[in-house]
Structures are given as structure tokens and as C-alpha cells.
Amino acid sequence: MAEIAVRCTMVSIMVLRGRDTLLVRRHDACMDGTWTYVAGHVEPGESGWQAALRELREETALIPQALYATSFCEQFYDVRADCVQVVPAFVAVVDEEAEVRLNHEHSAFRWLPLAEAAEVFPFGGQRDLIAHVQREFVTRAPHPQLRIALE
């Protein structure tokens, strides 16, 4: 019997500034013009949280005050790789005055309340992640065990 592979090669990062989240508009061949959140591939030797932190810095130059694991993983069928991708989500909390500096992967950014961001994101998994972050990181304080020590 043939199988479809299940892979975990990417991470996603929701950035929170107060009750707003960061949206970035992709500027690449795959999803050009699509509003999304920071995401990227895990490099050899990296843990998931290390990849999240690196991608956040590379794509936005943001350094979080706090980084959290979540219990949420996006799942989708990756047509190009013929596999199911499982993507663990992280939450980065940044200072109200944090300055975003985009790299070449994005053409624009904006901060939106979570409810408004959910209306902009094109994929159901993204909207599900927004609902999870609202429930577990905004409406209530995240459990301390989810915080990742950055030092």
C-alpha cells in the first residue's frame, strides 16, 4: 500500500504587539501578494523554536520580548512535495515601539487586531490559528510552561 508522507519542515510565528498581530505580504513566486504571518523552513541542526526566532529576525528584524510554543499545528497538503505538512506555531510578543524592517521576502506589513487579521488571511488553518492565539494568548495569559527561555 502506498502512503503519503507526513513532514514537519516549517514553523509559523504569530507576532503580537498588544492586541494586534503582524501581517506581512509575501513577495515571492509561491504566494506573491498574499497576506500572511511570518513563517519559514527549519534549517539543519535547528530546533523548531530556534527556526522561529531566526525567521522572525531575518524577515522582520524583530527581537521578541517573549517567545511561546503553542499547542497548535497547522496542517495542509503540500502539492509540490506530495506530503502533508505539519507546521508548529509559535507566538512572539514584541514591544509596542518595535520597528519592523522587512527583508526581500515581503513587500509590505501592517498591524491589525486579530479579528481583522482573520478576515484577511486566505487559508482556514490561518484563521484557526488566529482563533487559538486569541483564546490562549490574548483573552487569557499563556501558561508559563509555554514560554521559551531565550537566553
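Preceding this section is the structure that the text describes.
Below or above, wherever it landed, is the structure these notes cover. Residue numbers here run from 1 along each chain, matching the order of that chain's written sequence. Residue-level local features of this predicted model are given only where pLDDT is at least 70; pairs of side-chain atoms are given and counted only at 80 or more, and the full residue set underlies all totals for whole chains, interfaces and linings. Working from all heavy atoms in the structure, the side-chain values ignore hydrogens and water.

1. Quick notes on the side chain of Arg 54
Step number 1: Helix and strand assignments come from DSSP, with helices taken as H or I runs of at least 4 residues and strands as E runs of at least 2, each series counted from the N terminus. For Arg 54, the location among the structural elements is in helix 1 (residues 48-60).
Step number 2: Polar contact criterion, stated in full: a pair of N or O atoms within 3.5 Å, where within protein one must be able to donate a hydrogen and the other to accept it, and residues adjacent in sequence count only if both atoms are side-chain atoms. Looking at Arg 54, its side chain comes within polar contact range of the side chain of Glu 46, at 2.6 Å.
Step number 3: Whether two residues are in contact is decided by their heavy atoms, any of which lying within 4.5 Å being enough. Once residues within four sequence positions are removed from consideration, Arg 54 is found in contact with His 41, Val 42, Glu 43 and Glu 46.

2. Digging into the packing of aromatic side chains
What characterises a pair of aromatic rings is the spacing of the ring centres plus the angle enclosed by the ring planes.
Step number 1: In this analysis, rings of Phe, Tyr and Trp, with Trp reduced to its six-membered ring, are considered paired at centre separations within 6.5 Å, and the interplanar angle assigns stacked below 30 degrees, edge-to-face beyond 60, and tilted for intermediate values. Scanning the entire structure with this criterion turns up two aromatic pairs.
Step number 2: Taken together, a centroid distance of 5.2 Å and an interplanar angle of 85° make the contact between Tyr 37 and Phe 121 edge-to-face. Of the two residues, Tyr 37 sits in the loop between strand 4 (35-36) and strand 5 (38-41) while Phe 121 sits in the loop between helix 2 (114-120) and helix 3 (124-138), which places them 84 residues apart along the sequence. Side by side, Tyr 37 and Phe 121 carry an identical accessibility label, which is buried.
Step number 3: Here Tyr 68 and Phe 137 contribute two aromatic rings whose centre-to-centre distance is 5.7 Å and whose plane-to-plane angle is 65°, an arrangement assigned as edge-to-face. With Tyr 68 in strand 6 (residues 66-78) and Phe 137 in helix 3, the pair connects residues that are 69 residues apart, well separated along the chain. Residue exposure (1.4 Å probe, protein chains only): buried if accessible area is under 20% of the type maximum, exposed if over 50%, otherwise partly exposed.

3. Brief notes about the nonpolar core
Step number 1: Here, nonpolar core refers to any group of buried Ala, Val, Leu, Ile, Met, Phe, Trp, Tyr and Cys residues whose side-chain atoms link them within 4.5 Å. One finds Met 14, Leu 16, Val 91, Leu 114, Leu 129, Ile 130 and Val 133 to be the most contacted residues of the largest nonpolar core, which totals 21 residues.
Step number 2: Contributions of two or more residues to this core are made by strand 2 (10-17), strand 6, strand 7 (83-93), strand 8 (106-113), helix 2 and helix 3.
Step number 3: Of the residues forming this core, the biggest block, five residues, is contributed by helix 3.
Step number 4: Sequence-distant contacts of Leu 114, that is, excluding residues within four places in its chain, are made with Met 14, Leu 16, Arg 19, Thr 21, Ile 130, Val 133, Gln 134 and Val 138.
Step number 5: Counting residues in each nonpolar core, the second largest holds 18 residues, with Ala 51, Ala 52, Leu 56 and Ile 148 among its members.

4. A look at the state of the cysteines
Step number 1: Put simply, a disulfide is two cysteine sulfurs that come within 2.5 Å. One pass over the structure, following the stated rule, counts zero disulfides.
Step number 2: Here Cys 8 stays unpaired: no disulfide links it, and the sulfur of Cys 73, its closest cysteine neighbor, is 6.6 Å away.

5. Some details on the pairing of strand 7
Step number 1: In terms of burial, strand 7 is a largely internal element, nine of the eleven residues being buried.
Step number 2: Any two strands with at least two DSSP-identified bridges between them are counted as paired. In this sheet, strand 7 lies alongside strand 1 (residues 5-7) in parallel orientation, the contact comprising three bridges. Looking at strand 7, one finds that Val 6 is bridged to Val 84.
Step number 3: By the bridge criterion, five bridges tie strand 2 to strand 7 in an arrangement that is parallel. Paired with Ser 12 across the bridge in strand 7 is Ala 89.
Step number 4: Relative to strand 7, strand 6 is paired through ten bridges, and the arrangement is antiparallel. Its bridge partner lying in strand 7, Tyr 68 is registered against Val 91.
Step number 5: Once strand 6 ends, the chain turns through four residues before running back antiparallel as strand 7, passing Asp 82 with a positive phi of about 50°.

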